[in-house]
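Spelled out, the chains give:
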Amino acid sequence: MAGKDCVKVAVRVRPFNKREREAGSRCVVSMAANTITIQDPRNPHVRRTFTFDYAYWSHSGFVRNRDGLFAAEEPGGRYADQGSVFNDLGQGILENALQGYNATLLAYGQTGSGKSYSMVGYGPNKGLVPTLCERLFQAVRANQDSCQCQVFFSMLEIYNEQVIDLLSRGGRSLGGLRVREDQLRGFYVEGLRRVPCDSAARVEQLMEQGTRTRTTAATHMNANSSRSHMLIIAQLKQIFSKENITKQSNINLVDLAGSERQRSSGLEADRLKEGTAINVSLTTLGNVISSLADAALGKKAVHIPYRDSVLTKLLQSALGGNSRTVMIATLSPSDICYEESLSTLRYAERAKRIQNKAVVNESPTERLVKELKAENAKLVLRLSRLGQEGRKTEEETKELRRLLTHNEMQIKAIQTLWEQHLQEALKDWEMQYATITQERRMMQMHPYMLNINEDPQLSGVVKLFIQEGDWDVGLSEGTSRAIPIKGLGIQERHAVFTNEDRRVSVTPVAGAKVMVNGLPIMYRTELQHLDRLILGSSSTYLFIGFPCERGADDWSRYDYDYFQSELAAAEGIHIPTLCEDQSQASGEPSVESSQTDPSLLAVFYDYIKLIPMVTEANQMSQELSKGVEFKLEIKNLAMSDCRGRDLEKDIAVRVTSLENKQVWMWSKAKFINRKFLMEEVYHQQKQQQQQAESALGEGQGSGSKRLVLARDRDPFWDPLEPLHLGSAHLWLQSLAFRIPLEEQVEVLGPEGTEEAILQAQLLPCSPMGLPLGEEDILIDPTELLGKRLDFQLFLEQCCGLRWLKEAKNRGVQIGLRVYDCPQSFYTPAVWHNANPLLEHRVHFSAMRTSQDLLNYLQSSALVLELWGLQEGCADMVSSLEGLRLTPEGSFIIDKASAPDPSMLECPASVSDLRSSLRALHQDMEQLRSVNAALRKENSSLREQLNRGPGPEGGRGRVERHGSLRPSCDAELARALKVFYHSMTSLRAQLQRLRRHRPSEEADLLGLRLFVDEQSRLLRDFGEQLELSVTALKQDVATIVRRKRERSGIWS
Ligand SMILES: Nc1ncnc2c1ncn2[C@@H]1O[C@H](COP(=O)(O)OP(=O)(O)OP(=O)(O)O)[C@@H](O)[C@H]1O
Ligand SMILES: [Mg+2]
């Protein structure tokens, strides 16, 4: 009877990997019984707890024994090894299958979280699939007296919605295998190879074969295995002859693609974000799970979108259908992966709710045997009855006997099919075995190249032997001395490997890319054991020398990351340099890599992840004649920060059109998305070429056609947009004292390059925009509190624009945002000039200066953004939305403390405007007369003061005491102003010092000169600093002395 079975869900957390250990990652996951808690690393009091059917702690508390097996440190420890995971999950799957239920096991989690480790395993740490097969055949043998068992094994991969048969003996069909639907069987893959197996060893060998196909498919198609789903299907048939029952069950074992791809947040604002098929299966799986979870909660009329992807078609019975299903969600323990881990847990939580209806299966064929047997039994009975009754007619008996033989033959035919299949498979297996044995022998005799893949499951699978003599490595399979390889950027003849006098060397063929240990080579280069080779764009191999050179080295450290780090180091990017940048900018000493900021490490690992992708994108662009070039850049986000802090970095990809030097900047997420789309376009193009070539071979067609793509669907193209070239910081402190500031600030690009010099002024002014006088300078900025503050920003000129020096047909704009203004302001565009005049003035008013604004002025800078324009792109426009204006037309900042907005909103009509203007004029006149009177009084007081105290000083003292103080204070303010100005120029000097670096090509002499220059700059800086401080001290001392003198006279 069909009961309801909820999908069982397990979570497993793996140990830190190398990257995480190096980064000094913190574990943000904890477990107790079957609950798991995850802590937000930025907000440690934010914790989320989830409960599942099983929770496996495989993070710590383990040792690696002599056989390489990971086991609990002490008996009964909390570490969950492969065995305990199998006992809970695998055993259940096996028991269900033996009972005749369909069973499915899905592994879900982000790339590198341990899906393949749990499913397939590594080395001696066998995963669920091999152990399940082992136990299955044990059970088969144990039950062989009572039932005959048949096991068929299939293995397939879904990549980009194409199904690839991993056990196929023939070549791969273009476009992959088709998924069909059958009334009885549901969805199935047409033509998928089913290999009969009778032992676990055979299954293991088939898996090895499947992995080999997967590896070659991945390199040929330039596909990333993390984005493919692997399905292993084991069909189990149990024929119980005595009971006349046949039970049949399908076991689906699914290693899903890395889950991080489906998060939409990463694909911010790409116009082609929906275009790719790469995510379809995983996204649809998510939708199916969500819909099923909704259905389980009782929501009515839920549509389950099984038909939307290949994966969900094939898993239809596993999800919400006739199957007992288990999901293992794998997690990284590290703080860097918090977001992904949380999303995995949420996904698993939803999957928990799915309800299936599993039934014991009887296959139609077996029913037929059963029916045939039943019919035979009836026939035998009839025959015997006829004999007993003596009513035998010869005709009837003959017919009954014919029917009996026919039925028996049919039964035999059905049953012998299996034996035949098995015999055929045996021959196949023997051939394969011979190849494997041959390979093992070759490994003991010759040097070879071992493939290294991004996915550790696929590393070390392909071996290219370099026997004595010259060997042509490349696409060509033409000669007997060719070693054919495929991959992006591989030429027909790519390189020649020579094995001579027990030495191996490689010589690149003209125009072919060959890298050895991170550096490109042009000439014959001798290889050493464990050298790293990259052929073409990204075919990576480890060179394994002659057996006598090998020793007991651990090759596992030369993983894919190692290759890419080597490339990054050749470009001058490694963790210490990133840290130096950071410590230089923050003024702190350099940090050890063990204490490296995780976000910085994440940037480094992103960088090395993107290196091969960028190389591949360039290769595709070249092959498809797209005329664009991609380059990785590390952006310093500090440039957009108004306090110059938060020195986070991010990666961007600069795209340049080779023909007209147009430039685009893509975010990391956008580039990754585009790279998938480029691959799709590239493969389509290659397929069309192949078809055209084969048509040409058959005398049809007219050679290769180029795929024509509409521009708006072309992943290599984008409409032009203004580019953020860099930023300058104009510090606002002077405004807090109402001191005008005139500066020449450097606009720095994201990589620290000088993009331009900007002349800017900050001018405290009256509400009407008139400049303030010296007497308006404040000694104590808190005097501003609650009062109106007006200032103008005057952008005068931009000089030495690098953007314009590169190409003349460009323009620039300056953008800025002040305090709480909701919009950015932009200067009008200026074109075709490397030193354009801007002459742009904006007036800002704070109606009642708040403490917040004052803090902002004292600690922040105005970030002036330099935007680059290219012909054909629209200018940046200042939007006035949400802005409020004073009656004089200046922009209001510090709105929270501004008086009633209705008073300040733009007057509704011109008459309103006029009347408020009039009122203002009156106010101003009054203020002017007050001001004039005060000035008069002020100057007469000064005169009196200069004359010194007269004999009637005693009387004057009382009157003048109050008015003398401002005079001394004004002197102090002037002194401070001078000091402030010298500090501003010193700050610029300090910035120059920080950026002062030796040229990359500098030799020893160059370095000496650099050191001399650096010491001179430092000395100058020190002297200037000393001078400024001394001047201030002297000024203050003089002021204090004067004050004392005066008070001495009067007191
Ligand atoms: N429980 C574990 N114990 C020890 N090592 C583990 C464990 N889980 C994963 N690892 C290691 O982490 C690495 C990545 O694991 P794995 O290849 O299983 O990731 P994945 O989820 O399959 O990634 P992808 O999506 O790229 O295929 C491997 O080197 C593996 O050995
Ligand atoms: Mg994997």
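Below is a short write-up of the structure.

What counts, and where the lines are drawn
Residues numbered from 1 in each chain as written. Chains lettered and ligands numbered in written order. Predicted model: local features only at pLDDT ≥ 70, side-chain atom pairs only at ≥ 80, totals over all residues. Heavy atoms only, no water. Helix = DSSP H or I, 4+ residues; strand = E, 2+ residues; numbered from the N terminus. Buried < 20%, exposed > 50% of the residue type's maximum accessible area, 1.4 Å probe, protein only. Contact = heavy atoms within 4.5 Å. Areas by Shrake-Rupley, 256 points an atom, 1.4 Å probe, with all protein chains shown as cover. Near = heavy atom within 4 Å. Polar contact = N/O pair within 3.5 Å; in protein donor to acceptor, adjacent residues only side chain to side chain. Nonpolar A, V, L, I, M, F, W, Y, C, P; charged D, E, K, R; others polar. Pairing = 2+ DSSP bridges. Axes fitted to C-alpha atoms, helices over the stretch in contact; angles between N-to-C directions. Expected span 1.5 Å × (residues − 1). Parallel < 35°, antiparallel > 145°, perpendicular 65-115°, else oblique. Left-handed = near helix turned anticlockwise from the far one by under 90°. Phe/Tyr/Trp six-rings, centres within 6.5 Å; stacked < 30°, edge-to-face > 60°. Arc of directions from axis to C-beta. Disulfide = S-S within 2.5 Å. Salt bridge = Lys/Arg side-chain N within 4 Å of Asp/Glu carboxyl O. Core = buried A, V, L, I, M, F, W, Y, C linked by side-chain atoms within 4.5 Å.

Section: the overall build of the protein chain
So, point 1. Scanning the protein chain for helices and strands turns up 22 helices and 44 strands.
So, point 2. Taking all 1051 residues of the protein chain together, 47% fall into the buried category.
So, point 3. A fraction of 69% describes how many contacts in the protein chain between residues 6 or more apart in sequence connect residues 24 or more apart.
So, point 4. With the model as given, the accessible surface of the protein chain reaches about 52300 Å², and the carbon-plus-sulfur share is 51%.

A short note on the site of ligand 1
So, point 1. Within the structure, ligand 1 sits among 17 residues, and Gly-112, Lys-115, Tyr-117, Tyr-122 and Ser-226 are positioned closest to it.
So, point 2. Between ligand 1 and Gly-112 there is a distance of 2.7 Å, counted from an oxygen atom to a backbone nitrogen or oxygen.
So, point 3. The fraction of the free accessible surface of ligand 1 (630 Å²) that becomes covered by protein chains is 85%.
So, point 4. The element best represented in the shell around ligand 1 is helix α3 (residues 115-119), accounting for 3 residues.
So, point 5. Residue composition of the shell around ligand 1, grouped by class: 4 nonpolar, 9 polar and 4 charged.

Thoughts on unusual backbone geometry
So, point 1. One non-glycine residue, Asp-501, lies in positive phi territory at about 50°.
So, point 2. Positionally, Asp-501 belongs in the loop between β25 (495-500) and β26 (503-508).
So, point 3. Looking at Asp-501, the relative accessible area reads 66%, which means it is exposed.

Structural notes on the sheet that holds strand β32 (residues 628-636)
One key point about sheets: their strands pair by backbone hydrogen bonds, in either a parallel or an antiparallel sense.
So, point 1. Pairing is antiparallel in the open sheet, where 3 strands are placed in the order β32-β33-β34. The open sheet has two edge strands with one neighbour each: β32 and β34 (663-667). Within the sheet, the average angular offset between the axes of one strand and its neighbour, ignoring direction, is 30°.
So, point 2. The pairing of strand β33 (residues 649-657) with β34 spans 5 bridges and is classified as antiparallel.

Describing helix α4 (residues 128-142)
So, point 1. Spanning 15 residues, α4 covers 21 Å between terminal C-alpha atoms, matching the ideal 21 Å at 1.5 Å per step.
So, point 2. Those residues of α4 that sit buried are Leu-128, Val-129, Pro-130, Thr-131, Leu-132, Cys-133, Leu-136, Phe-137, Ala-139 and Val-140.

Quick word on the packing of α4 against helix α5 (residues 200-220)
So, point 1. Interaxial distance between α4 and α5 falls to 8 Å at its minimum, and their mutual angle equals 155°. One way to sum up the angle between α4 and α5 is to call them roughly antiparallel. By crossing handedness, the relation of α4 to α5 is classed as right-handed. Contacts from Val-129, Pro-130, Cys-133, Glu-134 and Phe-137 of α4 reach α5 at Ala-200, Val-203, Glu-204 and Met-207.

Comments concerning the packing of helix α6 (residues 280-296) against helix α8 (residues 338-351)
So, point 1. Viewed as axis vectors pointing N to C, α6 and α8 meet at an angle of 45°, and their least axial separation amounts to 8 Å. On the basis of their axis angle, the class for α6 and α8 is oblique. Residue-level inspection shows Leu-282, Leu-285, Gly-286, Ile-289, Ser-290 and Ala-293 of α6 in contact with α8, the latter providing Tyr-347, Arg-350 and Ala-351.
So, point 2. Taken together, the residues that form the contact of α6 with α8 break down as 6 nonpolar, 2 polar and 1 charged.

Some details on the pairing of strand β42 (residues 837-846)
So, point 1. Sheet topology note: the strand β38 (residues 789-799)/β42 ladder contains 8 bridges and is antiparallel. Bridging across to β42, Gln-797 finds its partner in Leu-837.

Regarding the environment of Thr-51
So, point 1. Relative to the helices and strands, Thr-51 is located in strand β5 (residues 47-51).
So, point 2. By relative accessible area, which is 39% here, Thr-51 ends up partly exposed.
So, point 3. It is 9.4 Å that separates the C-alpha atoms of Thr-51 and Val-11, two residues lying 40 residues apart in sequence.
So, point 4. Leave out the neighbours within four places in its chain, and Thr-51 touches Asn-34, Thr-35, Glu-349 and Lys-352.

Here's the deal with the packing of aromatic side chains
So, point 1. Applying the stated criterion across every chain, the model contains 18 aromatic pairs.
So, point 2. Summarising the aromatic geometry, the rings of Phe-62 and Tyr-79 are spaced 4.9 Å apart at their centres and angled 35° between planes, so their arrangement reads as tilted. Within this pair, whereas Phe-62 is found in strand β7 (residues 62-64), its partner Tyr-79 is found in the loop between β8 (70-72) and α2 (82-99), the two being separated by 17 residues in sequence.
So, point 3. The partly exposed category is assigned to Phe-62, whose relative accessible area is 24%.
So, point 4. Relative accessible area serves as the criterion here: at 7%, Tyr-79 is assigned to the buried category.

Some words on helix α18 (residues 851-859)
So, point 1. Taken together, the buried positions of α18 are occupied by Leu-853, Leu-854, Tyr-856 and Leu-857. For α18, the buried positions fall inside an angular range of 160° around the axis, keeping them on one side.

A short note on the sheet that holds strand β23 (residues 469-474)
So, point 1. Ordered in space as β24-β23-β25-β26-β29, the 5 strands form an open sheet in which the pairing is mixed. Strand pairing shows two members of the sheet lacking a second neighbour, β24 (482-484) and β29 (525-527), which therefore form its edges. Along the sheet, successive strands turn relative to each other by an average axial angle of 30°, direction set aside.
So, point 2. Across 3 bridges, β26 lies against β29 in antiparallel orientation. The residue bridging Ser-505 from the neighbouring strand is Glu-526, located in β29.

Side note on the side chain of His-59
So, point 1. Its location among the elements puts His-59 in the loop between β6 (54-57) and β7.
So, point 2. When its relative accessible area of 11% is taken as the criterion, His-59 is described as buried.
So, point 3. A distance of 3.1 Å separates a polar side-chain atom of His-59 from the backbone oxygen of Arg-14.
So, point 4. For His-59, the residues in contact, after removing those within four places along its chain, are Val-13, Arg-14, Pro-15, Phe-16, Cys-27, Tyr-79 and Pro-333.

Observations regarding the pairing of strand β21 (residues 448-451)
So, point 1. Where burial is concerned, the two faces of β21 agree: the one with Tyr-448 and Leu-450 and the one with Met-449 and Asn-451 are both buried.
So, point 2. Where β21 lies against strand β22 (residues 463-465), 3 bridges are found, and the strand directions are antiparallel. Opposite Met-449, over in β22, you have Leu-464 as the bridge partner.
So, point 3. Relative to strand β31 (residues 539-544), β21 runs antiparallel, the two being bridged by 4 bridges. Paired with Tyr-448 across the two strands is Ile-544, which belongs to β31.

A few points about the state of the cysteines
So, point 1. For the coordinates displayed, the defined rule picks out 0 disulfides.
So, point 2. Cys-197 takes part in no disulfide bond, and the closest cysteine sulfur to it belongs to Cys-133, at a distance of 7.9 Å.
So, point 3. Cys-197 sits in the buried class, given a relative accessible area of 1%.

Some remarks on the pattern of salt bridges
Close approach of charged atoms allows side chains of opposite charge to pair.
So, point 1. In total, this model carries 35 salt bridges according to the counting rule given.
So, point 2. Here Asp-5 ties to Arg-324 by a salt bridge, and the two come within 3.0 Å at their closest N and O atoms. Residue Asp-5 is found in strand β1 (residues 5-6), and its partner Arg-324 is found in strand β19 (residues 324-331); the two are separated by 319 residues along the sequence.
So, point 3. For Asp-5, a relative accessible area of 16% translates into the label buried.
So, point 4. For the salt bridge of Lys-675 with Glu-679, the shortest nitrogen-to-oxygen distance reads 2.8 Å.

Re the nonpolar core
So, point 1. Phe-844 and Leu-864 are the most contacted members of the largest nonpolar core, which totals 52 residues.
So, point 2. Among the elements that take part in this core, β38 stands out by supplying 5 residues, more than any other.
So, point 3. When sequence neighbours within four positions are dropped, the list of residues in contact with Leu-864 reads Gly-726, Ser-727, Ala-728, Leu-730, Leu-758, Ala-760, Leu-793, Leu-795, Ile-814, Gly-815 and Leu-816.
So, point 4. Among the nonpolar cores identified, the runner-up in size contains 50 residues, and Phe-465, Leu-530, Met-620 and Phe-630 belong to it.

Looking at the environment of Ala-482
So, point 1. By the secondary structure assignment, Ala-482 is in strand β24.
So, point 2. Classification of Ala-482 as buried rests on a relative accessible area of 15%.
So, point 3. A sequence separation of 14 residues divides Ala-482 from Val-496, and the C-alpha atoms of the two residues are 9.2 Å apart.
So, point 4. When residues no more than four places from it in sequence are discounted, the contact partners of Ala-482 are Trp-471, Asp-472, Ser-476 and Glu-477.

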